[in-house]
Amino acid sequence: MNKLWICGCRGSIFINDKNFSKYGYNTSCYLNIFDDKAILVDCGSGVSNAINELKKYKEINLLITHLHFDHIVGIVTLVTLCKDSHINIYGKDIKDGLCKFMGKPYWPISVGELKNVSFFDIGDEFNIGSVNIKTMESNHPGGCTLYRLSYDNKSIVFAFDFNHNNGYDSLLKEFSKNANILLYDGNLKDDEYLLHPTWGHSTVNMGVKIANEANVNKLIITHHNYLYDDFELEKQEKNLKNSVNKDYSFAKEHDVIEY
């Protein structure tokens, strides 16, 4: 049984407010368990929720989508608290950026100096053990990598920090075809998207359209806007569930999903 742990699903910045507790305070971090393999997608502040589980593994694999602050702020937490595990970090041109972020003058030791950390530049497709990983370039300022992880004839797609303009929606439909789970960027409302079409984020309604046309089993809306409290997200999620008779929902921090 494949397992997804949602450790952080907030976009842009960490929130510390009781009115945001249901959907979560922490930024992007998702832990995937495939039998004996632990694979993180991004290392935002939510990685703190995964540390106790990650300590069980001698090897931890981390896929980085991009180097925006909310997706890497937890790297210090990960390498400090999981120092007895070997950490493999995968991404496109990410080593220099991470070493600058976790290095002098911002941190006394560079992540590149740690003996238990290895870096791997990735292409269109690679494997971690028996887990097959395909990548797709996102439509996001500064670049971003989308991931499709497949194991035991089941697939999960991570597609946040994604703008559906310029034909990228068609590319994502093909990339997500017949996936068990699609995690999709619902950071903006439709009217907000019209005002900010180049911010590199998308909407719930576009996520529904892509999931339907790609024949996805389960859609999870994520990368929640840091301005949206529980009341607002509950309203949006209710509208989603009322509009489709499918297994579509909003990501909630601490949720564990087996598939």
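Before reading on, note that the structure itself is shown above.
Residues numbered from 1 in each chain as written. Predicted model: local features only at pLDDT ≥ 70, side-chain atom pairs only at ≥ 80, totals over all residues. Heavy atoms only, no water.

(A) Looking closely at the overall build of the protein. Helix and strand content of the protein: 8 helices and 14 strands. The C-alpha radius of gyration computed for the protein amounts to 17 Å, which stays within 12% of the reference 18 Å derived for 259 residues, consistent with globular compactness. Structurally, the protein occupies a C-alpha span of about 50 × 40 × 35 Å along its principal axes. Out of the 259 residues in the protein, the part that is buried amounts to 58%. Put simply, of all contacts in the protein between residues at least 6 apart along the chain, 64% involve residues at least 24 apart. Here the protein displays about 11600 Å² of accessible surface, and carbon together with sulfur accounts for 48% of that area. Taken as two groups, the 27 positive and 33 negative side-chain charges of the protein have centres that lie 3 Å from each other. (Helix = DSSP H or I, 4+ residues; strand = E, 2+ residues; numbered from the N terminus. Rg over C-alpha atoms; globule rule 2.2 N^0.38 Å. Buried < 20%, exposed > 50% of the residue type's maximum accessible area, 1.4 Å probe, protein only. Contact = heavy atoms within 4.5 Å. Areas by Shrake-Rupley, 256 points an atom, 1.4 Å probe, with all protein chains shown as cover. Lys, Arg positive; Asp, Glu negative; His and termini not counted. Charge placed at Lys NZ, Arg CZ, Asp CG, Glu CD.)

(B) Representation of the packing of aromatic side chains within the structure. Within this structure, the stated rule accounts for 9 aromatic pairs. Ring centres of tyrosine 30 and phenylalanine 160 lie 5.1 Å apart, and the angle between their planes is 25°; this geometry places the pair in the stacked category. On the criterion of sequence distance, the pair formed by tyrosine 30 in strand β2 (residues 29-34) and phenylalanine 160 in the loop between β10 (154-159) and α5 (168-175) is long-range, its members being 130 residues apart. (Phe/Tyr/Trp six-rings, centres within 6.5 Å; stacked < 30°, edge-to-face > 60°.)

(C) Quick look at the side chain of histidine 140. Structurally, the position occupied by histidine 140 is in the loop between β8 (131-137) and β9 (145-151). Among the polar contacts listed, one links the side chain of histidine 140 to the side chain of aspartate 161, at a separation of 3.2 Å. Among the polar contacts made by the side chain of histidine 140, one reaches the main-chain carbonyl oxygen of glycine 200 at a distance of 2.9 Å. With sequence-adjacent residues up to four places away left out, histidine 140 is seen in contact with His66, His68, Asp161, Trp199, Gly200 and His201. (Polar contact = N/O pair within 3.5 Å; in protein donor to acceptor, adjacent residues only side chain to side chain.)

(D) Inspection of the sheet that holds strand β12 (residues 218-222) at higher detail. Taken in spatial order, the 7 strands make up an open sheet running β7-β8-β9-β10-β11-β12-β13, and their pairing is mixed. Both edges of this open sheet fall to β7 (125-128) and β13 (247-250), since each of them pairs with a single strand only. The sheet shows a mean angle of 20° between the axes of neighbouring strands, taken without regard to direction. Here α5 sits on the sheet and contacts β8, β9, β10 and β11 (181-185); the angle it forms with β8, its principal contact strand, is near 170°. (Pairing = 2+ DSSP bridges. Axes fitted to C-alpha atoms, helices over the stretch in contact; angles between N-to-C directions.)

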